[in-house]
Amino acid sequence: MRVLVAGATGAVGRRLVPLLEAAGHEVVGISRRGPRPVDVLDAGAVRRAVTEAAPDAVVHQLTDLGAADGAANNRVRVEGTRNLVDAARAAGVGRIVAQSISWAYAPGDAPADESVPLDGTEEAPRSRIVAGVRALEAAVAELPEAVVLRYGILYGPGTWYAPDGAVAAALAGDPEARFLGGTAADASVSSFVHVDDAAEAAFRALCWPSGAYNVVDDEPAPGHDWLPVLAEALGVPAPERTGGRAPWARGAVNARARALGWAPARPTWRAGFADQGV
């Protein structure tokens, strides 16, 4: 299969491309940087890139997180995805696999499966985040075969949670550290996934039925559980435990992806945080 990977130089894309090539796929990678620079916000440039690549499938791993600018990342989700889907349709591509997130679900007490609707809140900034996710997933679903991967919080090399990342810097007291997230050791529940496991899911998803899949590890956990473990692994001070919980911070379950054969090599963040590498 000829596969176009949009976001080939990102934290997941860098791991996905070798998996595809090792399986015998022909890969064309595009990103803002690298040998084939393409600005996903430039509709004409995206259409030319997809037309020239003539792929059988597109894998969308595009983000704009370098400056921890939520508005910029949302623009990629909305406008960038729109451009990529339009270009794929014009080139006759019927299959797409796209990166989404697993913390956009409506509030609840238990970890969410894919039947839970996206959050309908009108409260900013969460409303803007969910609107971007909704737009991304709706655009992707316009193609005949569309798989949406709702990743947990990514950790591992190239992420904010790596030993050289912004979270370590923030926990160490660096006021200049920037990332989208928090370091409150409260009862808000998160689900994580290592970038290698996310890449493995994206690789496998080329053959999955259309639909949304949570790509998370096996242990959703409150901040007061996972933050001390992360801090110890990073060699930085752990934040003090606090109370409270964001109602939407419920974590997610991965049964649907597991049923298709995917399983995280790092089934829990407990061991995974200490095994990140840089």
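Everything that follows concerns the structure shown earlier in this document.
Residues numbered from 1 in each chain as written. Predicted model: local features only at pLDDT ≥ 70, side-chain atom pairs only at ≥ 80, totals over all residues. Heavy atoms only, no water.

K.L.:
Describe the overall build of the protein, with residues and values.
P.N.:
When its secondary structure is counted, the protein shows nine helices and 10 strands. Against the globule reference of 19 Å for 278 residues, the protein gives a C-alpha radius of gyration of 18 Å, in line with a compact fold. With respect to the three principal axes, the spread of C-alpha positions in the protein is 55 × 35 × 35 Å. Looking at the 278 residues of the protein, the share that counts as buried comes to 51%. The contacts of the protein with a sequence gap of at least 6 include a subset with a gap of at least 24, amounting to 79%. In the form shown here, the protein has an accessible surface area of approximately 11,800 Å², with 53% of it arising from carbon and sulfur atoms. Of the charged side chains in the protein, 26 are positive and 33 negative, and the gap between their average positions amounts to 4 Å. (Helix = DSSP H or I, 4+ residues; strand = E, 2+ residues; numbered from the N terminus. Rg over C-alpha atoms; globule rule 2.2 N^0.38 Å. Buried < 20%, exposed > 50% of the residue type's maximum accessible area, 1.4 Å probe, protein only. Contact = heavy atoms within 4.5 Å. Areas by Shrake-Rupley, 256 points an atom, 1.4 Å probe, with all protein chains shown as cover. Lys, Arg positive; Asp, Glu negative; His and termini not counted. Charge placed at Lys NZ, Arg CZ, Asp CG, Glu CD.)

K.L.:
An account of the pairing of strand 3 (residues 57–60) is requested, with residue identities and associated values reported.
P.N.:
Along a regular strand, successive side chains alternate from one face of the sheet to the other. Where burial is concerned, the two faces of strand 3 agree: the one with Ala 57 and Val 59 and the one with Val 58 and His 60 are both buried. One ladder, built from four bridges, connects strand 1 (residues 2–6) with strand 3; its direction is parallel. Across the sheet, residue Leu 4 finds its bridge partner in strand 3, namely Val 58. In this structure, strand 3 lies alongside strand 4 (residues 95–101), joined through four bridges in parallel fashion. When the bridges of strand 4 are listed, Val 58 appears paired with Ile 96. A crossover connection joins strand 3 to the parallel strand 4 through helix 3 (residues 70–90); in handedness this β-α-β unit is right-handed. (Pairing = 2+ DSSP bridges. Right-handed = clockwise from strand over helix to strand, strands pointing away.)

K.L.:
How would you summarise the side chain of Asp 186 if you had to cite specific residues and measurements?
P.N.:
Checked against the element boundaries, Asp 186 lands in the loop between helix 5 (166–171) and strand 7 (189–190). One buried charged residue, Asp 186, forms no salt bridge at all, with the nearest opposite charge on Arg 245 at 8.2 Å. A polar contact of 3.0 Å, which involves the side chain of Asp 186, links it to the backbone nitrogen of Ser 188. (Salt bridge = Lys/Arg side-chain N within 4 Å of Asp/Glu carboxyl O. Polar contact = N/O pair within 3.5 Å; in protein donor to acceptor, adjacent residues only side chain to side chain.)

K.L.:
I'd like to hear about the packing of aromatic side chains, residue by residue, with values.
P.N.:
Counted under the stated rule, the structure contains 10 aromatic pairs. With centroids separated by 5.1 Å and ring planes inclined at 80°, the aromatic side chains of Tyr 155 and Phe 273 adopt a geometry described as edge-to-face. On the criterion of sequence distance, the pair formed by Tyr 155 in strand 6 (residues 153–155) and Phe 273 in the segment after helix 9 (269–272) is long-range, its members being 118 residues apart. Taken as a pair, Tyr 155 and Phe 273 share a single burial class, namely buried. (Phe/Tyr/Trp six-rings, centres within 6.5 Å; stacked < 30°, edge-to-face > 60°.)

K.L.:
Could you give an account of helix 3, with specific residues and numbers?
P.N.:
Its 21 residues give helix 3 an end-to-end C-alpha distance of 29 Å, which sits within 8% of 30 Å, the value for a rise of 1.5 Å per residue. Remark: the principal bend of helix 3, roughly 30°, maps to Gly 80. Among all positions in helix 3, only Asn 73, Asn 74, Val 76, Arg 77, Gly 80, Thr 81, Asn 83, Leu 84, Val 85, Ala 87 and Ala 88 are buried. Backbone geometry just downstream of helix 3 places Gly 92 in the positive-phi region, at approximately 80°. (Expected span 1.5 Å × (residues − 1). Bend = angle between axes of the 7 residues up to and from the residue.)

K.L.:
Lay out helix 6 (residues 195–204) with the relevant residues and their values.
P.N.:
Regarding helix 6, the residues found buried are Val 195, Asp 197, Ala 198, Ala 199, Ala 201 and Ala 202. Structurally, helix 6 contributes buried residues whose contacts are with helix 1 (13–22), strand 4, strand 5 (145–151), strand 6, strand 8 (192–194) and strand 9 (211–215).

K.L.:
Which residues make up the sheet that holds strand 3, and what values go with them?
P.N.:
Ordered in space as 2-1-3-4-5-9, the six strands form an open sheet in which the pairing is parallel. Bordering the open sheet on either side are strand 2 (26–30) and strand 9, each of which pairs with just one other strand. Geometrically, the sheet is characterised by an average inter-axis angle of 20° between neighbouring strands, direction not taken into account. Contacts from helix 1 reach strand 1, strand 2 and strand 3 within the one sheet, and its direction differs from that of strand 1 by about 175°. Of the strands in this sheet, strand 4, strand 5 and strand 9 touch helix 6, which is tilted by about 170° from strand 5. (Axes fitted to C-alpha atoms, helices over the stretch in contact; angles between N-to-C directions.)

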